[in-house]
Each structure stands twice: as C-alpha cells, then as structure tokens.
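Summary of the model geometry
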Amino acid sequence: MASSKNRPVHEIRLGRVKSAIWRNETEQGPRYSVVISRIFKTDDGWDSSSSFGRDELPLVAKVADMAHTWIFMNADREEPTDERGKQPSKSRSREQARAS
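Below you will find a few notes about this structure.

Parameters and conventions
Residues numbered from 1 in each chain as written. Predicted model: local features only at pLDDT ≥ 70, side-chain atom pairs only at ≥ 80, totals over all residues. Heavy atoms only, no water. Core = buried A, V, L, I, M, F, W, Y, C linked by side-chain atoms within 4.5 Å. Buried < 20%, exposed > 50% of the residue type's maximum accessible area, 1.4 Å probe, protein only. Helix = DSSP H or I, 4+ residues; strand = E, 2+ residues; numbered from the N terminus. Contact = heavy atoms within 4.5 Å. Pairing = 2+ DSSP bridges. Axes fitted to C-alpha atoms, helices over the stretch in contact; angles between N-to-C directions. Salt bridge = Lys/Arg side-chain N within 4 Å of Asp/Glu carboxyl O. Expected span 1.5 Å × (residues − 1). Arc of directions from axis to C-beta.

**Describing the nonpolar core**
Listed in full, the seven residues of the largest apolar core are Ile12, Ile21, Tyr32, Ala67, Trp70, Ile71 and Ala75. The element contributing the most residues to this core is helix α1 (residues 57–75), with four residues. Residues contacting Trp70, with those up to four places away along its chain left out, are Val9, His10, Ile21 and Tyr32.

**Some points on the sheet that holds strand β2 (residues 17–26)**
Pairing within the open sheet is antiparallel, and its four strands lie in the order β1-β2-β3-β4. Here the strands that pair on one side only, and so sit at the sheet edges, are β1 (10–14) and β4 (45–49). When strand polarity is set aside, the average angle formed by the axes of neighbouring strands in this sheet is 30°. Bridge analysis of β2 against strand β3 (residues 29–42) gives 10 bridges, and the strand direction is antiparallel. From the neighbouring strand, Asn24 faces β3, where its bridge partner is Arg31. Set on the sheet, α1 makes contact with β1, β2 and β3; between it and β2 the angle comes to about 30°.

**Some words on the pattern of salt bridges**
All told, the structure shown has three salt bridges when counted by the stated rule. The closest approach of N and O atoms between Glu25 and Arg23, which form a salt bridge, is 2.5 Å. Judged by relative accessible area, Glu25 falls into the exposed class, the value being 57%. In this structure, Glu56 and Arg38 form a salt bridge, with 3.7 Å as the shortest nitrogen-oxygen distance. Highlighted residues: Glu56 in the loop between β4 and α1 and Arg38 in strand β3, separated in sequence by 18 residues.

**Some words on α1**
The terminal C-alpha atoms of α1 lie 27 Å apart, and with 19 residues this matches the ideal 27 Å at 1.5 Å per residue to within 8%. By the burial criterion, the buried members of α1 are Val60, Val63, Ala67, Trp70, Ile71, Asn74 and Ala75. The buried residues of α1 occupy an angular sector of 110° when projected down its axis, which confines them to one face. Those residues of α1 that are exposed and angled more than 90 degrees off the buried face are Pro58 and His68.

Structural measurements only, silent on function.
Written as structure tokens, this is what we have:
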C-alpha cells in the first residue's frame, strides 16, 4: 500500500476528467497544487492524459473550480490561530508583514 505522502490529499472526478490535489509543506506553511487529467481505457487497462478535447473543456473548468473551492475551504482550517483560537484577519496579517 502506498504511503500518504505519495497520494493526493483529495481527488475530484466528473466523468473522465479528474483533479488530484496535492499538499506541499513549505517554510511558509502548506501550499497546494492541482493536476488535472483525462482518463481513458486502453487494451492494457486505464491510462491518463493531460490533453483535452473541445467537449471536455467545460468539465475541466468545473473540476478546476471544484478543486479551488476545496483548497479554499480546507486551507482556512490550517491557518495559524492566535492564543484565543481565532484566526488573525488577513488585512492585519498583511500590515504586520509590511511592518517587518
């Protein structure tokens, strides 16, 4: 069985178009990347491609939107919190960053 480090944190699939969301740990905190692919069947089993036809493009857009939403909703849970357990406001964090 593959370790969790080699697996995406989330996958989204609509028909034969799917996205794999990967979490990368950095010094600045977690960053996410997305790989969108099309799966298809061959004589030897299933394979994937990063090439899409005209009729698949609406699904690519929808899968990309769903991946963005998933990252947005889940990244907030991983933001640092203050001593009261609240997340600092983004505008306050930007001001503090400018001051340093």
